[in-house]
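Chain by chain, the residues:
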Amino acid sequence: MTRSMLPALLTIVPFTAAVVAAVAAVTVPRAARGVAVLATGVVTVLAVWGLVRSLDEGPLVHPMGGWAAPLGIEYVLDPLAGFVAVLVGAIGFLVLVYPTRVGFGLEAERGVFLHALVLLLLGALLGVVVAGDLFNLFVSLEIYSIASYALIALGGPAAAVASYRYLLIGTVGSSLYLLGVGFVYFTTGTLGMDSVTPALAELTGSPTTAAATALIVIGLGTKMAIFPLHVWLPDAHSHAPPAVAALLASVQVKVAAYALIRILLDVFPPRYVVDDLPVLALLTWFGVAGVIVGSVSAIRQTDLKRMLAHSTVAQLGYIAIGIGLATPLALVGALLHVVNHAAMKACLFFVAGAVIEQARTKKIADFAGLGRLMPWTMVAFTVAAVSMVGLPPTAGFFSKWYLVSGAVGTDRWLVAVVIVASSVLTLIYFLRILESIWFRSRDADHEPVTEARPAILLPIGVLAVAVLVLGVFNVVMVDEVLSPVADRLLP
Amino acid sequence: MLELLADRYVYLFVVALLSLGLFTLLTERHLVKKLVGLVLFQTAVFIFFIEGSVREDGDVPVIDPAVGPDPDAYVNPLPHLLILTALVVGVAVIGVALSLIVTIKHAYGTLDDAELSASEADR
């Protein structure tokens, strides 16, 4: 354990930048985006540095104001937190690099606090990641939710309704989490993640602990949109502007998944949840249900963004399965899928934004012949789609591979069959788009469509390349970061 | 049973308030009434924390020479602090919710959940 400023800087930088960006929005609106891009760039570099250092030296700890753990608030950056922090920083950076008007549907004008909101969201997500106690995790959870509600509402009146419904469900979720934390606090007398573990170990089998676990899992499951608590997600993600949808699907729900991993497999005593409670088995089967329901609903959609939103439900199901199986192999699969799905879903939402900008359509039926008119965008779309289906050598194949191995390793053959079969469902909903993009010609009466400009193509291209790189070099990431993390959590 | 009522009546009250809040949230069609349900639900959680901080004959949590330095002689101040923070967060959520309600009312002219679903299906 090393004392370091790094964990604190991960939240201080975006929150400070959010204030600067808010001031810029009323004085020099053009500067706001620069501030945001710079801050997220700095955060990404700091997160990478923190990850490397925590792998070398063990967890980096920052006691706030110099007060150490039982009395003060601690921020902790271990390799698991570092891994998620790098993802949040990198996706946040790309979302801000993506042209503002295409991504968010409005210009950075005077009085538009868009960039401040994005920075607030990213800072709070990082706050969840580095939180060293259960209550700070709750506060960060609420801050990122508030920023999300506001960002979703940028998508117009229908988005405001979706955002309001998300707010109602999301707030109930976080209140349930808080109630569970209350149970933990009143039985153990502490909130620090380090000190809760030994205190709970003495209370194994107590109904209070079981109730606390149930409340916390339901609360975080709502935030993570695990079936059947996913009902808010399709509307919220499909009505949100493309860049916001990318941010929410790629990192926002993943941070809730991180919180679930952290609490179930790290904070709760080792083997307690695994052996004593059926929570993990339930998580697995609800994950399986989410995979099926999400995939089948995605097939029925006629609107690209809506289809992507339903497919997010299915992909989160995979992550829930990985957590629920609770073997090192399956957890590696879940964590790998967190980053892989982030890259491909952000890429797909960026492509959706580019198509809305260039061809003024969201309807899948209007995608006919776009392959010849927007070749680069559509090549990126194809790479990401192939990865969603899970064909080698793209990233999606490898995370599913680890998940299937994990399921087979615990003799859950039905889970393995569902994971493989859902690839076929994913193939169905992407194949019809790919077929119409590449093999159909465009109706003559449509207005002409041109390739997106380089500023739009750049983040799309980076993510498409990332999907391939993450696939080909996944062994490096698994060996260096994920396997040690999974082995430590599930010895 | 009577003992439970006498000792733990606050917890029963909390459970009642939680259920009432959730019931209102799920069954009311009007968006503002749903928000009222949500606030009830949150408030129940806050009361749960405050009740947990109570100590029999506990003093105000500021060290008093007459009471001495024994922490058990004072009520536990930590839950109060947690709930102060949670209240601030809760106020922000209500603020966002109310501003969304204004936006929805301007755009659709109604705050009825069923009518909103119907007008979305039309588009």
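Residues numbered from 1 in each chain as written. Chains lettered and ligands numbered in written order. Predicted model: local features only at pLDDT ≥ 70, side-chain atom pairs only at ≥ 80, totals over all residues.

Engineer: Sorry, what's going on with the overall build of chain B here?
Structural biologist: Of the regular secondary structure elements, chain B holds 4 helices and 0 strands. In terms of overall dimensions, chain B is more spread out than a globule: its C-alpha atoms have a radius of gyration of 21 Å, far above the 14 Å expected for 123 residues. With the C-alpha coordinates of chain B rotated into their principal frame, the extents come out at 70 × 35 × 15 Å. Residue burial in chain B is summarised as follows: out of 123 residues, 23% are buried. The contacts of chain B with a sequence gap of at least 6 include a subset with a gap of at least 24, amounting to 43%. (Helix = DSSP H or I, 4+ residues; strand = E, 2+ residues; numbered from the N terminus. Rg over C-alpha atoms; globule rule 2.2 N^0.38 Å. Buried ≥ 20, exposed ≤ 12 C-beta atoms within 10 Å, placed from the backbone. Contact = placed C-beta atoms within 7 Å.)

Engineer: Help me understand the overall build of chain A, please; the structure alone is not making it clear to me.
Structural biologist: In terms of helices and strands, chain A carries 21 helices and 3 strands. Computed over the C-alpha atoms, the radius of gyration of chain A is 21 Å, within 12% of the 23 Å expected from 2.2 N^0.38 for a compact globule of 491 residues. Oriented by its inertia axes, the alpha-carbon framework of chain A measures out at about 75 × 60 × 40 Å. Taking as baseline every contact in chain A between residues at least 6 positions apart, the subset at least 24 positions apart corresponds to 79%.

Engineer: I tried to follow the interface of chain A and chain B on my own but got confused; where do I start?
Structural biologist: The parts lose accessible area when they come together, and the size of an interface is often stated as this lost area. Listed by partner, the interface residues are 22 residues for chain A and 25 residues for chain B. Those elements that provide at least two residues to the side of chain A that touches chain B are α6 (134-152) and α7 (157-188) of chain A. Of all the elements, α7(A) adds the most residues to the side of chain A that touches chain B, at 15 residues.

Engineer: So what exactly am I meant to see when it comes to the packing of helix α11 (residues 242-267) of chain A against helix α15 (residues 328-359) of chain A here?
Structural biologist: Pairs of packed helices are described in terms of their axes, by the angle between the two and the distance that separates them. All names here are of chain A. Contact pair α11 / α15: the axes reach a minimum separation of 7 Å and the direction vectors enclose 165 degrees. On the basis of the axis angle, α11 is roughly antiparallel to α15. With respect to the hand of their crossing, α11 and α15 are arranged in right-handed fashion. Contacts between α11 and α15 involve P242, A243, A245, A246, A249, S250, V251, K254 and A257 from the first element and V338, A342, K345, A346, F349, F350, A352, G353 and I356 from the second. Among the residues forming the contact of α11 with α15, the class breakdown is 14 nonpolar, 2 polar and 2 charged. (Axes fitted to C-alpha atoms, helices over the stretch in contact; angles between N-to-C directions. Parallel < 35°, antiparallel > 145°, perpendicular 65-115°, else oblique. Left-handed = near helix turned anticlockwise from the far one by under 90°. Nonpolar A, V, L, I, M, F, W, Y, C, P; charged D, E, K, R; others polar.)

Engineer: I keep staring at helix α17 (residues 375-389) of chain A and nothing clicks. Help me out?
Structural biologist: Residues and elements named next belong to chain A. Helix length check: α17 (15 residues) gives 21 Å between terminal C-alpha atoms against 21 Å at 1.5 Å per residue, within 8%. Counting buried residues in α17 gives 11 out of 15 residues, a clear majority hidden from the surface. For α17, the elements touching its buried residues are α14 (304-325), α15, α16 (370-373), α18 (395-409), α19 (413-439) and α20 (454-472). Phi for G390, located one or two positions after α17, is positive at around 100 degrees. (Expected span 1.5 Å × (residues − 1).)

Engineer: Any chance you could explain the sheet that holds strand β1 (residues 2-3) of chain A here in plain terms?
Structural biologist: Across a sheet, paired strands are connected by hydrogen bonds in the backbone, their directions being either parallel or antiparallel. All names here are of chain A. The strand order across the open sheet built from 3 strands is β1-β2-β3, with neighbouring strands paired in mixed fashion. Two strands close off the open sheet at either side, each with one partner strand: β1 and β3 (74-77). In terms of strand pairing, β1 meets strand β2 (residues 60-63) through 2 bridges, oriented parallel. Looking across to β2, one finds that T2 is bridged to L60. (Pairing = 2+ DSSP bridges.)

Engineer: Help me out: how do you make sense of the domain arrangement of chain A in this one?
Structural biologist: Residue and element names in this part refer to chain A. On domain assignment, one finds that chain A holds domain 1 (1-130), domain 2 (155-277) and domain 3 (278-491). Relative placement of domain 2 and domain 3: their C-alpha centres are 23 Å apart. Among the elements of the structure, α9 (207-224), α10 (233-239), α11 and α12 (272-276) are those that each provide at least two residues to the side of domain 2 that touches domain 3. For the side of domain 2 that touches domain 3, the residue count by class is 23 nonpolar, 5 polar and 2 charged. (Domains from an automatic or database assignment.)

Engineer: Quick question: what am I supposed to make of the environment of A:A158 here?
Structural biologist: Of note, A:A158 is situated in helix α7. Judged by the 18 C-beta atoms lying within 10 Å of it, A:A158 falls in the partly exposed class. Residues A:A158 and A:S238 lie 80 residues apart in sequence; the distance between their C-alpha atoms is 9.9 Å. Aside from chain neighbours lying at most four places away, what touches A:A158 is A:H239 and B:E120.

Engineer: Is there a simple way to explain unusual backbone geometry in this structure?
Structural biologist: Keep in mind that most residues, glycine aside, have a negative phi and that most peptide bonds are trans. All names here are of chain A. In this structure, the amide linkage connecting F227 to the following residue, P228, adopts the cis form with an omega of 0 degrees. Mapped onto the secondary structure, P228 falls in the loop between α9 and α10. Look at the link from P392 to P393: it is a cis peptide, with omega at 5 degrees. Inspection of the secondary structure assignment puts P393 in the loop between α17 and α18. Even without being a glycine, D411 presents a positive backbone phi close to 65 degrees. Within the secondary structure layout, D411 lies in the loop between α18 and α19.

Engineer: It is not clear to me how the pairing of β3(A) should be interpreted in this structure. Could you clarify?
Structural biologist: Strand residues, when the strand is regular, have side chains that alternate between the two faces of the sheet. Residue and element names in this part refer to chain A. Along β3, one buried face is formed by E74 and V76 and the opposite face, lined by Y75 and L77, is buried too. Of the strand pairs in this sheet, β2 and β3 are connected by 4 bridges, and their pairing is antiparallel. When the sheet's bridge partners are listed, P63 is paired in β3 with E74.

Engineer: What exactly am I supposed to notice about the environment of A:L51 here?
Structural biologist: Residues and elements named next belong to chain A. Mapped onto the fold, L51 is located in helix α2 (residues 29-57). On the basis of neighbour count, L51 is assigned to the buried category, with 24 C-beta atoms found within 10 Å. Apart from the residues lying within four places of it in its own chain, the contact partners of L51 are P79, G82, F83 and V86.

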